[in-house]
Amino acid sequence: FLIKQWYQRRVRGNPEYLNYLAQHNYFKEEEIANYLKYLLYWKDPKYAKFIKYPQCLQLLELLQEPRFRNELVNVPCTRFIQLQQMQHWSHHFRRRANLVNNSAVKKEGEDKQEPKSQT
């Protein structure tokens, strides 16, 4: 139960917290490795749709590898992951804003082109 709360409340794709866990040797515990394997069920689309932080699925996949868990001890590795997340979010939000703006402009153009019906 405590491990489940640990993942749901803290990890959620937080590289700094993963670094903390690695520095304190939590990833060397077999129970944690087994729990990380168990959590892969979240990749199933019927569960994944409820995830608030989708980047955690990618980190969960990477956490299956002992080499990745060992690298998380290094602060530069953690900083790199954070940078990649920020770049992804920045691109995502910029792309989403463009899509919203383009659809609003398209809708406005369609409204102007509709012929008025005569009654």
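Residues numbered from 1 in each chain as written. Predicted model: local features only at pLDDT ≥ 70, side-chain atom pairs only at ≥ 80, totals over all residues. Heavy atoms only, no water.

K.L.:
I'm lost on the overall build of the protein in this one. Help?
P.N.:
When you go through the protein residue by residue, the secondary structure sums to 7 helices and 0 strands. Each helix (α) and strand (β) of the protein, taken in turn from the N terminus, gives the series α-α-α-α-α-α-α. Counting every position in the protein, which comprises 119 residues, the buried fraction comes to 27%. If you sum the accessible surface of the protein, you get close to 9,400 Å²; carbon and sulfur atoms cover 54% of it. (Helix = DSSP H or I, 4+ residues; strand = E, 2+ residues; numbered from the N terminus. Buried < 20%, exposed > 50% of the residue type's maximum accessible area, 1.4 Å probe, protein only. Areas by Shrake-Rupley, 256 points an atom, 1.4 Å probe, with all protein chains shown as cover.)

K.L.:
Quick question: what am I supposed to make of the packing of aromatic side chains here?
P.N.:
The geometry of two aromatic rings is summed up by the distance between their centres and the angle between their planes. Going through the model one piece at a time under the given rule, you end up with 6 aromatic pairs. A ring pair is formed by Tyr17 and Tyr20, whose centres lie 5.9 Å apart and whose planes are at 15 degrees; its orientation type is stacked. Of this pair, Tyr17 and Tyr20 are both found in helix H2 (residues 15-23), 3 residues apart, which corresponds to roughly one turn of the helix. Geometrically, the ring pair formed by Tyr38 and Tyr41 is tilted, given 5.1 Å between the ring centres and 55 degrees between the ring planes. Taken together, the aromatic side chains of Tyr35, Tyr38, Tyr41, Trp42 and Tyr47 make up a single cluster linked through ring pairs. (Phe/Tyr/Trp six-rings, centres within 6.5 Å; stacked < 30°, edge-to-face > 60°.)

K.L.:
Looking at this structure, how should I read the nonpolar core?
P.N.:
Side chains of a nonpolar character, in soluble globular proteins, are inclined to be buried together. Of all hydrophobic cores here, the largest spans 16 residues; its most connected members are Leu18, Phe27, Leu36, Leu63, Phe68, Leu72 and Ile81. The biggest single contributor to this core is H2, with 4 residues. (Core = buried A, V, L, I, M, F, W, Y, C linked by side-chain atoms within 4.5 Å.)

K.L.:
Quick question: what am I supposed to make of unusual backbone geometry here?
P.N.:
Trans peptide bonds make up the majority, and among non-glycine residues the majority have a negative phi. A positive phi angle, near 65 degrees, is found at Asn25, a position not held by glycine. Mapped onto the secondary structure, Asn25 falls in the loop between H2 and helix H3 (30-38). Since its relative accessible area comes to 39%, Asn25 is described here as partly exposed.

K.L.:
Just to check I follow, could you spell out the pattern of salt bridges for this structure?
P.N.:
If charged atoms from side chains of opposite charge come close, those side chains can pair. Evaluation of the coordinates by the stated rule reveals 2 salt bridges. With a shortest N-O distance of 3.8 Å, Arg79 and Glu16 are connected by a salt bridge. Taken together, the residues Arg79 in helix H7 (residues 75-113) and Glu16 in helix H2 connect sequence positions 63 residues apart. With relative accessibility at 45%, the residue Glu16 sits in the partly exposed group. (Salt bridge = Lys/Arg side-chain N within 4 Å of Asp/Glu carboxyl O.)

K.L.:
For this particular structure, what's the right way to read H2?
P.N.:
Since the α-helix turns once every 3.6 residues, residues separated by three or four places project in the same direction. Every buried residue of H2 is accounted for by Pro15, Tyr17, Leu18, Asn19, Leu21 and Ala22. Measuring from the backbone nitrogen of Glu16 back to the side-chain oxygen at the start of H2 gives 3.1 Å, which picks out Asn14 as the cap. Of the residues trailing H2, Asn25 is marked for its positive phi of about 65 degrees. (Polar contact = N/O pair within 3.5 Å; in protein donor to acceptor, adjacent residues only side chain to side chain.)

K.L.:
How do you make sense of a nonpolar patch on the surface when you look at a structure like this?
P.N.:
A contiguous nonpolar surface patch, about 290 Å² in accessible area, is contributed by Leu83, Met86 and Trp89. Structurally, the position occupied by Trp89 is in helix H7. What makes Trp89 partly exposed here is its relative accessible area of 33%. (Patch = residues over 30% accessible without salt bridge, like charges linked within 9 Å, V, L, I, M, F, W, Y side chains within 5 Å.)

Geometric values such as these leave the question of function open.
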